[in-house]
Structures are given as C-alpha cells and as structure tokens.
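Residue strings, one per chain:
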Amino acid sequence: MDKIMLVTGGSRGIGAATCLMAAKYGYAVAVNYRSNREAAEQVVAAIEADGGRAIAVQADVADEAQVVNMFTTIDDTLGRVTALVNNAGIVDQPSKVADMSAERVAKMMSVNVVGPFICAREAIRRMGTEHGGSGGVIVNVSSAASHAAGKGGAGTYIDYGASKGAIDTLTEGLAHELAGENIRVNAVRPGVVNTEIHASGGLPDKPEQAKSAIPLGRVGEPEDIAEAIIYLAEARFTTGAFLDVDGGV
Ligand code: NAP
C-alpha cells in the first residue's frame, strides 16, 4: 500500500523538516500551508529533486470547508492519506491571563484544537476500517507547554499551553477510540525549537534565552522533532504514546 502523509503547516519549521524526512522514508507528501505558498512549493521542489512525490495544498486548518477541500484534493492527486501529522499551530504575543481577550483565546483554540480535530475526522473517514480504509496513523504535535516541563505557558501564553493540553487529551482519547480501526495515535511534545514561531509571538530571542536551562545545552532543531514524528508514524506497535523531545527539561 502507498504511504501518503499529510503534514499540516508543512511549509516551514518543524512541518517542513517532517515533510522532507517523510519523503526519505517513502511517503508521498501533502505539504499544507495557510498563506506562504512559496515556502510550501520550495519543500515540494526539494522532495521532487530527490525523486519523491509531493504536492502543496492550501487550507487554514481552522476553516472546516477548507480542510474538507484539502482532503478531497489529496484524494484526487496522491490518494487517500495513510498518515496525518497535526503540526500547524500558532502562538500569540506574551500575555498573562488577566489581560487576555476572549477573542484571542477563541482564535488560539480554533487553530490549535479545532483544526486538529477536523483534520483527524477527515483522516479517520479515509483510514478507519469502519469507513472502508485499512488503517493508518495520526501524530499530533503538542508542546512541553502542555504540562509541568513548560509550566503550562505561565507568564507568556497559558492559552497556548491549554490548547496543547487539549491535544494531549485528543491523543489519549483517539488512541483508545481508534485502536480497533487499526489507526494508531501518538504525540510529540517538543521543548524550545529553533523556528520562526517565536518571532511570530513577539519573542524572537526565546531560543537563545532558553538554551542555558536545557540539560543537553542547546535548543532543538526542526529535524530533531521531525525524527521523533517519523519514528511515531512508523512504530507499528506504538499507540497512545507521548514522546518528550525537549533536550531533557
Ligand atoms: P512555524 O515555524 O511558525 O511554522 C508554522 C507552520 O504552520 C507554517 O507552515 C504555517 O503556514 C502553518 N500554519 C500556521 N497557522 C496555520 C493555519 N491556521 N492553517 C494551516 N497552516 C497554518 O511553527 P513551528 O515552530 O514549526 O511549530 C510547528 C508546531 O510545533 C506547532 O504546533 C507548535 O505549537 C509546535 N511547537 C513548536 C515549538 C517551537 O519551539 N518551535 C515548541 C513546541 C511545540 P504559513 O507559512 O502558510 O503561515
């Protein structure tokens, strides 16, 4: 059976590294992006130059209709997905809860929680044995901020930490709900990783500042997380697992 992986937010950072590594493991890759088409097409070009198959596919994961269209596009080009990596995610500017608007929290939950739920739903409808599929795998990208290692995002973005807490529960629940349908569900929980997400949240120096508190003495690189995602995608007797990839925090 062809291995077909959709990586949400595959155009940059951890998602892009995951797309490139997945292609090396024999997956045809759907590289999802929200707005940066050029970045997604660069990932596709790199995979094709290496002899792999890939497409760039636009969708805001928080928009149900766009997600449904994205899966239909993948059906019609690469085929039905066998692996979903729920990677797309956002942070917001540093803020304490005392200053957070409902609008901000709702947006966070919409991208970081509703998006992965809808993407999982569409993947299940293609992979699940109750839906005529033959199984597959979902890997969710959570965060150290979801639990004690990242102090729940205290002081900067508890809304983000809470969204990743929901992803941990989604992982636990779905792993049980879907085991009988031959779908495995696992999560990685990265610590601080060297990507553009920190600048987008108003903390460009976060990787540099975080270094000294990390036992392994450096922040993660996107490839460090991609390696763990691909491991969980391939580990055929592993479901409901959480892999903390954080340099030992
Ligand atoms: P990044 O460098 O900011 O890249 C974000 C990616 O997600 C881009 O491809 C972006 O696409 C896409 N994206 C954002 N909003 C989207 C939406 N609504 N719909 C579809 N795609 C969307 O982020 P990253 O650091 O690689 O983070 C990836 C995941 O790892 C996130 O879930 C993040 O929470 C998690 N994580 C990161 C760290 C870290 O330190 N970097 C630590 C723990 C967990 P466009 O380019 O088109 O906007």
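For the structure itself, look to the data block above.
Please read all numbers here as calculations on a predicted model, not as lab measurements. (Residues numbered from 1 in each chain as written. Predicted model: local features only at pLDDT ≥ 70, side-chain atom pairs only at ≥ 80, totals over all residues. Heavy atoms only, no water.)

1. A closer look at the nonpolar core
Counting residues in each nonpolar core, the largest one holds 37 residues, and the members touching the most others are Leu 6, Met 70, Phe 71, Ile 74, Ile 138 and Leu 174. For this core, the elements supplying multiple residues, two or more each, are strand E1 (3–7), strand E2 (27–33), strand E3 (54–58), helix H3 (64–77), helix H4 (102–127), helix H5 (158–178) and strand E6 (183–190). Counting residues per element, this core draws most heavily on H4, which supplies eight residues. Discounting residues that sit within four places of it in the chain, Ile 74 has contacts with Ile 4, Leu 6, Ala 30, Ile 55, Val 57, Gly 79 and Val 81. In terms of nonpolar packing, the next biggest core, distinct from the first, is built from 32 residues, Ala 17, Val 141, Val 188 and Leu 232 among them. (Core = buried A, V, L, I, M, F, W, Y, C linked by side-chain atoms within 4.5 Å. Buried < 20%, exposed > 50% of the residue type's maximum accessible area, 1.4 Å probe, protein only. Helix = DSSP H or I, 4+ residues; strand = E, 2+ residues; numbered from the N terminus. Contact = heavy atoms within 4.5 Å.)

2. Overview of the pairing of strand E4 (residues 83–86)
Taking every second residue as pointing to the same face, both faces of E4 are buried, with Ala 83 and Val 85 on one and Leu 84 and Asn 86 on the other. Examined bridge by bridge, E1 and E4 share three bridges and lie parallel to one another. Of the residues in E4, the one forming a bridge with Val 7 is Val 85. Bridge count for E4 against strand E5 (residues 136–141) is four bridges, and the pairing is parallel. Counted as the bridge partner of Asn 86 is Asn 140 from E5. On the question of chirality, the crossover connecting E4 to the parallel E5 by way of H4 is right-handed. (Pairing = 2+ DSSP bridges. Right-handed = clockwise from strand over helix to strand, strands pointing away.)

3. Examining the side chain of His 198
Relative to the elements of secondary structure, His 198 occurs in helix H6 (residues 197–200). Since its relative accessible area comes to 10%, His 198 is described here as buried. Contacts of His 198, omitting those with residues within four sequence positions, involve Val 192, Val 193, Leu 203, Pro 204, Lys 206 and Pro 207.

4. Let's talk about unusual backbone geometry
The phi dihedral of Lys 151 is positive, around 50°, even though this residue is not glycine. Along the polypeptide, Lys 151 turns up in the loop between E5 and H5. One non-glycine residue, Asn 182, lies in the positive phi region at around 60°. You can see Asn 182 is positioned in the loop between H5 and E6.

5. Remarks on the packing of aromatic side chains
Following the criterion strictly, the structure yields one aromatic pair and no others. Taking the centre distance of 5.1 Å and the plane angle of 70° together, the rings of Tyr 157 and Tyr 160 count as edge-to-face. Of the two residues examined, Tyr 157 and Tyr 160, each falls in the buried class. It is Lys 3 that lies over the ring of Tyr 27; its NZ or CZ is 4.3 Å from the centre. (Phe/Tyr/Trp six-rings, centres within 6.5 Å; stacked < 30°, edge-to-face > 60°. Lys NZ or Arg CZ within 6 Å of the ring centre and 35° of its normal.)

6. Looking at the pairing of E2
Along E2, seven of the seven residues are buried, which leaves the element largely enclosed by surrounding structure. With burial as the criterion, each face of E2 is covered, one bearing Tyr 27, Val 29, Val 31 and Tyr 33 and the other bearing Ala 28, Ala 30 and Asn 32. Sheet analysis places E1 next to E2, joined by five bridges and oriented parallel. Within E2, the residue paired with Met 5 across the bridge is Val 29. The parallel pair E1 and E2 is bridged by helix H1 (residues 13–24), and the resulting crossover is right-handed. Taken together, E2, helix H2 (residues 37–49) and E3 form a β-α-β motif whose crossover is right-handed.

7. Quick notes on the site of the ligand
Near the ligand lie 31 residues; those nearest to it are Ser 11, Ser 35, Asn 87, Tyr 160 and Thr 195. In the model, an oxygen atom of the ligand is placed 2.7 Å from a nitrogen or oxygen of the Arg 12 side chain. Ile 14 has a polar backbone atom sitting 2.8 Å from an oxygen atom of the ligand. Secondary structure elements with two or more residues in the shell around the ligand: H1, E2, H5 and H6. (Near = heavy atom within 4 Å. Polar contact = N/O pair within 3.5 Å; in protein donor to acceptor, adjacent residues only side chain to side chain.)

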